[in-house]
Amino acid sequence: MKPRFALLFIMIMIWMGCTEKPTKTPQTTLDVTQAHYDSLYAAIAPLKNGKKMMPRTTRNGKLVTVGIYDWTSGFFPASLWNLYGLTKKKKWKDRAVEYTEKLDSIQYWEGNHDVGFIMECTYGNALKYTDSPVYDSVIVQTARSLSTRFRPQAGVLQSWDWSKKWDCPVIIDNMMNLELLFHATRISGDSTYYNIAVSHADTTLKNHYREDNSSYHVLDYDTETGKVLQKNTHQGLSDNSAWARGQAWGLYGFTMCYRETGDSRYLEHAQKIADFIQNHPNLPKDKIPYWDYDAPASENTPRDASAAAIAASALYELSTFTENEKAQIHRNFADQIVTSLSSPAYFAALGDNADFLLMHSVGSKPHDVEVDVPLNYADYYFLEALLRKKETDGSEKDKH
Ligand code: GLY
């Protein structure tokens, strides 16, 4: 080779060397998510035939697991279903089935309204991906059990039995349990469940909301007259404050009720809750709220990633029901939440956080329980938000 060409050759090689793409593909959020859940699945494997086999949170950095009668028992298997939805990998489906079926006996439990959460997130999600008459019957039986908590004079499903403070407490979270009732009517053709859900949603719409479209946490009803006896909080800052997760439950619940009924009152109400959340003066720039919208804002005020994740998932759905400009606002807001939650400020590094995905949620600040920790439902709604983001971006054809 002539020296002139040799020099040119060397320069080209140096240039190619500089611009060569890294051979290692950077890990996506979904890759890291799967690695986290591989580890979490492995960590609980020794407990799988015991009483407390479902991961819920951490205490002093150590994994805390719960049994099937804990209200959060469905969220780990439900996250496995979301991972299956996101990846279509058989491994996640097999694991989801394994842990979903541990909840079988909950279908007969009449002692808690949260059977709706537990069974719809698991068996209900499963039915998006599999036809199963057995799972259908589980949903209908759970609806039968949940319906025993309906108090017809008040028109609501009673939330808790365990407190002496209230006669018939109804928490805003209870809106989430209605999804299972709608599902049961679709499966069985029995409108009883649908009618109970509509009655509960209507009564909640009438009594649970304030002028500014924020919601109380707990309302106490007289089951004979239907009169509202008290308006309180359990997990919020005060009776009159806006507990962050409660606002997210309401947003998600009324959006879902619109999907199931087509009743425009629910859609209008969901829009109002979305406006409250999106325009709140105390909302930090990264869109992850403090644990209560009325909590004094400071660097040390705990955030609630779970409230943000629930709201993001709800807003992706709400965006599909709204006009162009509003839809874009909801989608952008949800995107901002997902971006924040996917950042190292909230998304744990592999091996940290007991391999839950998200850090910085709050269970109950007034009880000083689960403050600034991972929570299995924060992970679940974050994964659902990722799934809904993918399904509603206009280009996703792989709908299930
Ligand atoms: N449903 C209970 C909670 O949101 O903490």
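Visitor: Any chance you could explain the site of the ligand here in plain terms?
Guide: The full set of residues close to the ligand is Trp-71, Asp-173, Gln-235, Trp-243, Arg-245, Trp-249 and Tyr-377. Side-chain polar atom of Gln-235 to an oxygen atom of the ligand: 2.7 Å apart, as the coordinates give it. With the chains in place, 93% of the 200 Å² that the ligand exposes on its own is no longer accessible. Here the shell around the ligand is composed, by residue class, of 4 nonpolar, 1 polar and 2 charged.

Visitor: It is not clear to me how the sheet that holds strand 6 (residues 218-221) should be interpreted in this structure. Could you clarify?
Guide: Strand pairs in the sheet, formed through backbone hydrogen bonds, run parallel or antiparallel to each other. Strand order in the open sheet formed by 3 strands is 5-6-7, with antiparallel pairing between adjacent strands. Of all strands in the sheet, those with a lone pairing partner are strand 5 (169-171) and strand 7 (228-232), marking the two edges. On average, adjacent strands in this sheet sit at an angle of 20 degrees to one another, irrespective of strand direction. Where strand 5 lies against strand 6, 3 bridges are found, and the strand directions are antiparallel. Looking at strand 6, one finds that Pro-169 is bridged to Asp-220.

Visitor: What's the story with the environment of Tyr-69 in this structure? I'm lost.
Guide: Among the structural elements, Tyr-69 can be located in the loop between strand 2 (62-66) and helix 3 (75-87). Accessibility expressed as a relative area gives 45% for Tyr-69, which makes it partly exposed. Placed 49 residues apart in sequence, Tyr-69 and Ile-118 show a C-alpha to C-alpha distance of 9.1 Å. Sequence-distant contacts of Tyr-69, defined by excluding residues within four places in its chain, comprise Ser-105, Ile-106 and Trp-109.

Visitor: Whenever I open this one, the packing of aromatic side chains confuses me. Can you help?
Guide: What characterises a pair of aromatic rings is the spacing of the ring centres plus the angle enclosed by the ring planes. Counted according to the given criterion, the structure contains 29 aromatic pairs. Between the aromatic rings of Phe-276 and Tyr-293, the centroid separation amounts to 5.6 Å while the plane-to-plane angle is 75 degrees, which identifies the pairing as edge-to-face. You can see Phe-276 sitting in helix 10 (residues 264-278) and its partner Tyr-293 sitting in the loop between helix 10 and helix 11 (305-319), a full 17 residues away along the chain. Residue Phe-276 is classed as buried on the basis of its relative accessible area of 11%. In this structure an aromatic cluster arises from ring pairing among Trp-71, Phe-75, Phe-117, Trp-249, Tyr-252, Tyr-377, Tyr-380 and Tyr-381. Taking NZ or CZ as reference, Arg-95 lies 4.0 Å from the ring centre of Tyr-41, over its face. The cationic tip of Arg-210 hangs over the ring face of Tyr-216; the distance from NZ or CZ to the ring centre is 4.1 Å.

What counts and how
Residues numbered from 1 in each chain as written. Predicted model: local features only at pLDDT ≥ 70, side-chain atom pairs only at ≥ 80, totals over all residues. Heavy atoms only, no water. Near = heavy atom within 4 Å. Polar contact = N/O pair within 3.5 Å; in protein donor to acceptor, adjacent residues only side chain to side chain. Areas by Shrake-Rupley, 256 points an atom, 1.4 Å probe, with all protein chains shown as cover. Nonpolar A, V, L, I, M, F, W, Y, C, P; charged D, E, K, R; others polar. Pairing = 2+ DSSP bridges. Helix = DSSP H or I, 4+ residues; strand = E, 2+ residues; numbered from the N terminus. Axes fitted to C-alpha atoms, helices over the stretch in contact; angles between N-to-C directions. Buried < 20%, exposed > 50% of the residue type's maximum accessible area, 1.4 Å probe, protein only. Contact = heavy atoms within 4.5 Å. Phe/Tyr/Trp six-rings, centres within 6.5 Å; stacked < 30°, edge-to-face > 60°. Lys NZ or Arg CZ within 6 Å of the ring centre and 35° of its normal.

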